[in-house]
Amino acid sequence: MSHILSLKLISVHWNLNMKFKSFLLAGALAVVSATASSAATYKYGDVTDGVTISNKLRKQSVDFIEFSLVAPDGFFVSALNISVTSKPGKNLSEVIGLYSSSGLMATAAAKRGGGNTATLSFSGANTPAEGTYTLGIAGWKAFFPDDMEDAYSTAFFGNGKYTVQIDPTLSAVPLPAGGLLLLTGLGALAFGRRKTRKA
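Residues numbered from 1 in each chain as written. Predicted model: local features only at pLDDT ≥ 70, side-chain atom pairs only at ≥ 80, totals over all residues. Heavy atoms only, no water.

Caption draft 1: Quick look at the sheet that holds strand β5 (residues 95-100). With mixed pairing, 5 strands are arranged side by side in an open sheet as β1-β3-β8-β5-β6. Edge positions in the sheet fall to β1 (39-46) and β6 (103-109), since each has one partner strand and no second. Along the sheet, successive strands turn relative to each other by an average axial angle of 20°, direction set aside. For β5 and β6, the ladder comprises 6 bridges, and the chain directions are antiparallel. Across the sheet, L98 pairs through a bridge with A106, a residue of β6. (Pairing = 2+ DSSP bridges. Helix = DSSP H or I, 4+ residues; strand = E, 2+ residues; numbered from the N terminus. Axes fitted to C-alpha atoms, helices over the stretch in contact; angles between N-to-C directions.)

Caption draft 2: Representation of the pairing of strand β4 (residues 75-86) within the structure. Here β4 runs beside strand β11 (residues 161-172); their pairing, made up of 11 bridges, is antiparallel. Residue pairing across strands places S83 opposite Q165, the latter belonging to β11. Bridge count between β4 and strand β7 (residues 117-123): 7 bridges; the pairing is antiparallel. When the bridges of β7 are listed, N81 appears paired with S121.

Caption draft 3: Seen up close, the packing of aromatic side chains. Inspection of every chain in the model, using the stated rule, returns 3 aromatic pairs. Considering the side-chain rings of Y99 and F144, the 6.4 Å spacing of their centres and the 65° angle between planes classify their relative orientation as edge-to-face. Here Y99, found in strand β5, pairs with F144, found in the loop between β9 (142-143) and β10 (152-153); they are 45 residues apart in sequence, far enough to count as distant. Judged by its relative accessible area of 2%, Y99 falls in the buried class. Here the basic side chain of R112 rests over the ring of W140, its NZ or CZ set 3.6 Å away from the ring centre. (Phe/Tyr/Trp six-rings, centres within 6.5 Å; stacked < 30°, edge-to-face > 60°. Buried < 20%, exposed > 50% of the residue type's maximum accessible area, 1.4 Å probe, protein only. Lys NZ or Arg CZ within 6 Å of the ring centre and 35° of its normal.)

Printed below as a string of C-alpha coordinates:
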(Lines give C-alpha, C1' and ligand atoms only; values in the text may rest on other atoms or scores of the structure.)
Protein backbone atom coordinates (compact mmCIF):
# COMPACT_ATOMS: atom_id res chain seq x y z
CA MET A 1 0.00 0.00 0.00
CA SER A 2 2.81 2.40 0.84
CA HIS A 3 4.45 1.70 -2.55
CA ILE A 4 1.24 2.63 -4.39
CA LEU A 5 0.87 5.81 -2.31
CA SER A 6 4.48 6.89 -2.97
CA LEU A 7 4.06 6.20 -6.71
CA LYS A 8 0.91 8.32 -6.77
CA LEU A 9 2.71 11.15 -4.94
CA ILE A 10 5.63 11.01 -7.41
CA SER A 11 3.17 11.03 -10.34
CA VAL A 12 1.28 14.06 -8.93
CA HIS A 13 4.57 15.91 -8.27
CA TRP A 14 5.84 15.17 -11.81
CA ASN A 15 2.54 16.35 -13.40
CA LEU A 16 2.54 19.58 -11.40
CA ASN A 17 6.22 20.19 -12.20
CA MET A 18 5.62 19.69 -15.96
CA LYS A 19 2.54 21.94 -15.91
CA PHE A 20 4.50 24.67 -14.13
CA LYS A 21 7.39 24.38 -16.64
CA SER A 22 4.90 24.51 -19.55
CA PHE A 23 3.29 27.58 -18.02
CA LEU A 24 6.69 29.32 -17.63
CA LEU A 25 7.71 28.42 -21.20
CA ALA A 26 4.42 29.72 -22.63
CA GLY A 27 4.80 32.96 -20.67
CA ALA A 28 8.38 33.45 -21.86
CA LEU A 29 7.40 32.83 -25.48
CA ALA A 30 4.54 35.32 -25.20
CA VAL A 31 6.89 38.00 -23.85
CA VAL A 32 9.53 37.34 -26.55
CA SER A 33 6.99 37.36 -29.38
CA ALA A 34 5.38 40.54 -28.05
CA THR A 35 8.66 42.43 -27.86
CA ALA A 36 10.18 41.09 -31.06
CA SER A 37 7.13 41.83 -33.18
CA SER A 38 6.38 45.33 -31.90
CA ALA A 39 6.62 47.91 -34.66
CA ALA A 40 5.82 51.55 -35.31
CA THR A 41 4.56 52.78 -38.68
CA TYR A 42 5.02 56.40 -39.79
CA LYS A 43 3.29 57.71 -42.92
CA TYR A 44 4.97 60.62 -44.69
CA GLY A 45 3.08 60.79 -48.02
CA ASP A 46 4.79 62.32 -51.05
CA VAL A 47 8.53 62.82 -50.49
CA THR A 48 9.45 63.66 -54.10
CA ASP A 49 11.02 66.94 -52.91
CA GLY A 50 13.15 65.01 -50.38
CA VAL A 51 12.66 64.63 -46.64
CA THR A 52 14.68 64.24 -43.42
CA ILE A 53 13.05 62.26 -40.61
CA SER A 54 14.25 61.73 -37.02
CA ASN A 55 12.78 59.02 -34.79
CA LYS A 56 13.72 56.72 -31.93
CA LEU A 57 13.72 52.95 -32.38
CA ARG A 58 12.69 50.70 -29.50
CA LYS A 59 14.75 47.61 -28.65
CA GLN A 60 13.74 44.42 -30.48
CA SER A 61 11.43 46.31 -32.83
CA VAL A 62 11.14 47.44 -36.43
CA ASP A 63 10.06 50.93 -37.52
CA PHE A 64 8.29 51.26 -40.87
CA ILE A 65 8.36 54.51 -42.83
CA GLU A 66 5.77 54.65 -45.60
CA PHE A 67 6.32 57.20 -48.36
CA SER A 68 5.30 57.93 -51.95
CA LEU A 69 7.15 59.13 -55.04
CA VAL A 70 4.99 61.28 -57.31
CA ALA A 71 6.85 63.14 -60.06
CA PRO A 72 5.21 66.28 -61.55
CA ASP A 73 4.06 66.24 -65.18
CA GLY A 74 6.96 66.13 -67.63
CA PHE A 75 9.38 64.65 -65.05
CA PHE A 76 10.33 61.22 -63.72
CA VAL A 77 12.35 59.92 -60.75
CA SER A 78 15.77 59.13 -62.27
CA ALA A 79 17.63 58.29 -59.02
CA LEU A 80 16.83 57.63 -55.37
CA ASN A 81 19.14 57.69 -52.33
CA ILE A 82 17.97 56.55 -48.91
CA SER A 83 20.26 56.75 -45.89
CA VAL A 84 19.70 55.96 -42.22
CA THR A 85 22.26 57.19 -39.67
CA SER A 86 22.26 56.30 -35.97
CA LYS A 87 23.29 58.65 -33.19
CA PRO A 88 27.11 58.86 -32.81
CA GLY A 89 28.56 57.23 -29.72
CA LYS A 90 25.69 54.75 -29.32
CA ASN A 91 25.59 51.07 -30.15
CA LEU A 92 22.68 51.00 -32.62
CA SER A 93 23.86 49.43 -35.87
CA GLU A 94 20.96 49.93 -38.23
CA VAL A 95 19.73 47.50 -40.89
CA ILE A 96 17.23 48.72 -43.48
CA GLY A 97 14.96 47.04 -46.01
CA LEU A 98 12.92 48.70 -48.77
CA TYR A 99 9.56 47.18 -49.70
CA SER A 100 7.23 47.78 -52.64
CA SER A 101 3.75 46.32 -53.04
CA SER A 102 5.34 43.21 -54.60
CA GLY A 103 7.78 42.50 -51.75
CA LEU A 104 11.34 43.18 -50.62
CA MET A 105 13.41 45.26 -53.08
CA ALA A 106 16.75 45.74 -51.31
CA THR A 107 18.50 45.72 -47.91
CA ALA A 108 21.56 47.45 -46.46
CA ALA A 109 23.40 47.41 -43.14
CA ALA A 110 25.62 49.96 -41.43
CA LYS A 111 28.98 49.08 -39.88
CA ARG A 112 28.72 47.99 -36.25
CA GLY A 113 28.60 50.86 -33.77
CA GLY A 114 26.66 54.10 -33.56
CA GLY A 115 27.07 57.03 -35.92
CA ASN A 116 27.39 54.86 -39.03
CA THR A 117 25.07 54.94 -42.05
CA ALA A 118 23.13 52.30 -43.96
CA THR A 119 22.53 53.44 -47.55
CA LEU A 120 20.37 52.31 -50.47
CA SER A 121 21.13 53.93 -53.85
CA PHE A 122 19.18 53.45 -57.06
CA SER A 123 19.82 54.97 -60.50
CA GLY A 124 18.91 54.37 -64.12
CA ALA A 125 16.67 51.39 -64.84
CA ASN A 126 16.92 50.21 -61.20
CA THR A 127 15.25 53.36 -59.83
CA PRO A 128 11.86 52.68 -58.23
CA ALA A 129 8.97 53.98 -60.33
CA GLU A 130 6.32 56.32 -58.98
CA GLY A 131 4.32 54.65 -56.24
CA THR A 132 4.19 53.88 -52.53
CA TYR A 133 7.08 52.25 -50.68
CA THR A 134 7.87 51.21 -47.11
CA LEU A 135 11.30 51.45 -45.49
CA GLY A 136 11.93 49.06 -42.59
CA ILE A 137 14.49 50.16 -39.96
CA ALA A 138 15.84 47.92 -37.19
CA GLY A 139 18.91 47.10 -35.13
CA TRP A 140 21.72 44.82 -36.32
CA LYS A 141 19.89 41.55 -35.52
CA ALA A 142 17.13 42.28 -38.02
CA PHE A 143 15.45 40.01 -40.53
CA PHE A 144 13.71 41.42 -43.60
CA PRO A 145 12.09 38.53 -45.50
CA ASP A 146 10.15 38.99 -48.74
CA ASP A 147 6.88 39.48 -46.86
CA MET A 148 7.04 42.70 -44.82
CA GLU A 149 4.60 41.29 -42.23
CA ASP A 150 7.27 38.77 -41.20
CA ALA A 151 10.06 41.33 -40.57
CA TYR A 152 11.45 41.33 -37.03
CA SER A 153 14.44 42.24 -34.88
CA THR A 154 15.99 40.80 -31.73
CA ALA A 155 18.60 43.55 -31.31
CA PHE A 156 19.34 45.28 -28.00
CA PHE A 157 21.00 48.70 -27.96
CA GLY A 158 21.40 51.69 -25.65
CA ASN A 159 19.90 54.51 -27.70
CA GLY A 160 17.75 54.01 -30.79
CA LYS A 161 17.83 57.56 -32.18
CA TYR A 162 18.25 57.66 -35.96
CA THR A 163 17.87 60.03 -38.90
CA VAL A 164 16.49 59.07 -42.31
CA GLN A 165 17.16 61.01 -45.49
CA ILE A 166 15.16 60.23 -48.62
CA ASP A 167 16.55 62.09 -51.66
CA PRO A 168 14.93 61.48 -55.04
CA THR A 169 16.39 63.04 -58.21
CA LEU A 170 13.96 64.28 -60.86
CA SER A 171 14.75 64.50 -64.57
CA ALA A 172 12.73 65.89 -67.47
CA VAL A 173 11.03 63.30 -69.64
CA PRO A 174 12.99 63.33 -72.93
CA LEU A 175 11.04 64.09 -76.09
CA PRO A 176 11.26 61.40 -78.75
CA ALA A 177 13.20 62.28 -81.94
CA GLY A 178 9.95 62.45 -83.93
CA GLY A 179 8.56 64.99 -81.46
CA LEU A 180 11.61 67.21 -81.84
CA LEU A 181 11.30 67.00 -85.64
CA LEU A 182 7.60 67.92 -85.45
CA LEU A 183 8.31 70.93 -83.21
CA THR A 184 11.08 72.11 -85.56
CA GLY A 185 8.74 71.75 -88.55
CA LEU A 186 5.94 73.64 -86.83
CA GLY A 187 8.34 76.41 -85.86
CA ALA A 188 9.62 76.72 -89.43
CA LEU A 189 6.03 76.77 -90.75
CA ALA A 190 5.07 79.54 -88.31
CA PHE A 191 8.17 81.53 -89.22
CA GLY A 192 7.45 81.16 -92.97
CA ARG A 193 3.82 82.22 -92.51
CA ARG A 194 4.87 85.27 -90.56
CA LYS A 195 7.32 86.25 -93.29
CA THR A 196 4.61 85.88 -95.99
CA ARG A 197 2.21 88.16 -94.10
CA LYS A 198 4.82 90.92 -93.85
CA ALA A 199 5.39 90.87 -97.64
